[in-house]
Amino acid sequence: MTIDLGRGLVLRNPVMTASGTFGYGEEYTDFVDLAQLGGIIVKGTTLNPREGNPYPRMAETPSGMLNCVGLQNKGVQYFIDTIYPRIKDFDTNVLLNLSGSCLDDYVKGAEMVDALEKIPAIELNVSCPNVKQGGMAFGVTTTGISQVVSEVRKVYHKHLMVKLSPNVTNIAEIALAAEAAGADSVSLINTLMGMAIDAEKRKPKLSVITGGLSGACVKPVALRMVWQVAKAVKIPVVGLGGISNATDAVEFMLAGASAIEIGTANFIDPAVSAKVAWGINEYCERHGFANAAELTGALL
Amino acid sequence: MKQIADFKLIAKQDYGRSVLLRLRSKRPLPDIMPGQFVQVRVDGSPSTYLRRPISIHDVEFEQNEITLLVQQVGEGTRHLAAAEEGDTINMVLPLGNGFSLPEKGERCLLVGGGIGIAPLYYFAKVLNAKGVRPTLLLGGKTDTDLLRLADYQKLGETFVTTEDGSRGEKGFVTMHSVWQKQSFDKIYVCGPKPMMKAVAKLAAEKNVWCEVSLENLMACGLGACLCCVEDTVDGHVCVCKEGPVFNTRRLKW
């Protein structure tokens, strides 16, 4: 069942939990044995603390939700001092999602995280749609992504996963640029930019008007993008976007993903991640795959 | 410890806009503090994607029973209210932190507005079991908003206001004469935000300790998504995890 994503990042199975949907793992230990997961990707962290956007930050949509949390977090140093000691011995891979508003922040943050023995990888967030300089500026052009990935690559020696924005014209082009700049893998998709309006009140439902769409509704878009990117790059692709059960996860792997992340579905069923890991196994047995790695790109 | 559990709807009482759902689990219930809440999965409603946070109205540990008092405000709660006896309802529980329990001998006032009276029933019951008989002040727009009034009255001296004067004193809870006649050591409030702010202001003027229960829009209910934040003296904090009960001194009201 082992999934080797390269440069030392080896997952026990293809299932990880997506950043911002699983806290620091601690919030879910009553529901999920973390040893059942390939990894957890902890909340988006920036070099300096951020208060995030004002309330309201969430709007429910058909089969999904919009959020505009805006990267609320206490900064990399707080993570290192306070959170890391609590979670470093979890029996799973703990990845840190690192975001920034300028090149320097990414580089400094990555340098600090590089020193953390028990964090085998960074998921570089160049695709947050909810803050003015949430990195999406880097993630939507090939030159932007080349710049941030190559600079971080210089200081970060472990597995560098780059999380891609779907809010682009040609995501394969962006993925290729990340690969060329030194990414070890790419994960996609981050949320799709969206908006919700309360017609009765004639007001936007979110405090900053627009937000990121996630949940089951984005799955077809995510699946298509994973397929396009997997065809284009040689590095492993981590698929996410609306995965709610093992069948969804298998679909992403058939489309070319080597591993998957579960996001918004954690809110509806806090135990879903372990169920998906179990269900992928069950699918492999039923279809005669010796291990989950064989599912990657096995679309007929 | 939190759990995800299927409950069977064993009894339902219809109050028009609100409905009382008595739910039984096969599993023993975890410890539940008054003021904590559940996240209910709403099945079969295509427009309802997320769970709905609902306060806990009553608990019977011997029978593994939880009672919810649900007001229909949107599609999710409308769907929930349409559940029939025998239906299975999935819940994550217990979530958040409950009200701070008073010391013996402290005079407690429980103030509820509209459907905000719901968690005060279990709270008053627990207080009685601890030997603290609370005073209750319940407000509604009209008489029919004051659900299960006779049952509340058994748990403590109960005062009532209605905006239309159809029951009790006419006006808002903050206008009730009990504020002039009695004094309290602790005030606990659950209701619409403007009402809670008004009571919190009154409590502050009287220099009385006050806790309120917030109900910000939530997604996860576990402190993971950071959607339900309230602005506090400690910055943005999750109502689901650090609340829903807050001491008013902590809030930037």
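Residues numbered from 1 in each chain as written. Chains lettered and ligands numbered in written order. Predicted model: local features only at pLDDT ≥ 70, side-chain atom pairs only at ≥ 80, totals over all residues.

Asker: Describe the environment of Glu242(B), naming the residues involved and giving the relevant values.
Answerer: Summarising the element assignment, Glu242(B) is placed in helix H6 (residues 239–242). For the pair Glu242(B) and Leu222(B), spaced 20 residues apart in sequence, the C-alpha separation works out to 9.6 Å. (Helix = DSSP H or I, 4+ residues; strand = E, 2+ residues; numbered from the N terminus.)

Asker: Account for the interface of chain A and chain B, with residues named and values stated.
Answerer: Interfaces are frequently sized by the accessible area removed from exposure as the parts join. Each side of the interface is counted separately: chain A has 28 residues, and chain B has 24 residues. Counting only elements with at least two residues in the side of chain A that touches chain B, the list comes to strand E5 (58–61), strand E6 (64–67) and helix H8 (265–268) of chain A. In the side of chain A that touches chain B, the residues fall into 13 nonpolar, 10 polar and five charged. (Contact = placed C-beta atoms within 7 Å. Nonpolar A, V, L, I, M, F, W, Y, C, P; charged D, E, K, R; others polar.)

Asker: Before we move on, can you summarise the domain arrangement of chain B with the specific residues and values?
Answerer: Residues and elements named next belong to chain B. In terms of domain boundaries, chain B breaks down into domain 1 (3–95) and domain 2 (108–213). Summarising the inter-unit geometry, the C-alpha centres of domain 1 and domain 2 are found 24 Å apart. Put simply, the parts of the chain that give the side of domain 1 that touches domain 2 at least two residues each are strand E5 (58–60) and strand E6 (65–71). A class-by-class count of the residues in the side of domain 1 that touches domain 2 yields five nonpolar, six polar and one charged. (Domains from an automatic or database assignment.)

Asker: Run through the environment of Phe184(B), naming residues and quoting values.
Answerer: Topologically, Phe184(B) is positioned in the loop between helix H4 (178–181) and strand E12 (186–190). Residues in contact with Phe184(B), not counting those within four places in the same chain, are Arg107(B), Cys108(B), Leu109(B) and Val208(B).

Asker: Report on the pairing of strand E4 (residues 52–55) of chain B, specifying residues and quantitative values.
Answerer: Regular strands place their side chains on alternate faces of the sheet. Residue and element names in this part refer to chain B. Burial along E4 is two-sided: Arg52 and Ile54 and Pro53 and Ser55, pointing in opposite directions, are all buried. Pairing analysis gives four bridges linking strand E3 (residues 37–40) to E4, with the strands arranged antiparallel. Bridging across to E4, Val38 finds its partner in Ile54. (Buried ≥ 20, exposed ≤ 12 C-beta atoms within 10 Å, placed from the backbone. Pairing = 2+ DSSP bridges.)

Asker: How would you summarise the sheet that holds strand E9 (residues 159–163) of chain A if you had to cite specific residues and measurements?
Answerer: For sheets, the rule is that strands pair by backbone hydrogen bonds, running either parallel or antiparallel. All names here are of chain A. Judged by pairing direction, the barrel is parallel, and its eight strands sit side by side in the order E3-E4-E7-E8-E9-E10-E15-E16 before closing back on the first. In this sheet, neighbouring strand axes are inclined to one another by 25° on average, regardless of whether the strands run parallel or antiparallel. Pairing between strand E8 (residues 121–125) and E9: five bridges, direction parallel. Following the sheet pairing, Ile122 is matched in E9 by Leu160. Against the sheet, helix H6 (residues 219–232) contacts strand E10 (185–188) and strand E15 (237–239), and its axis sits at roughly 175° relative to E15. (Axes fitted to C-alpha atoms, helices over the stretch in contact; angles between N-to-C directions.)

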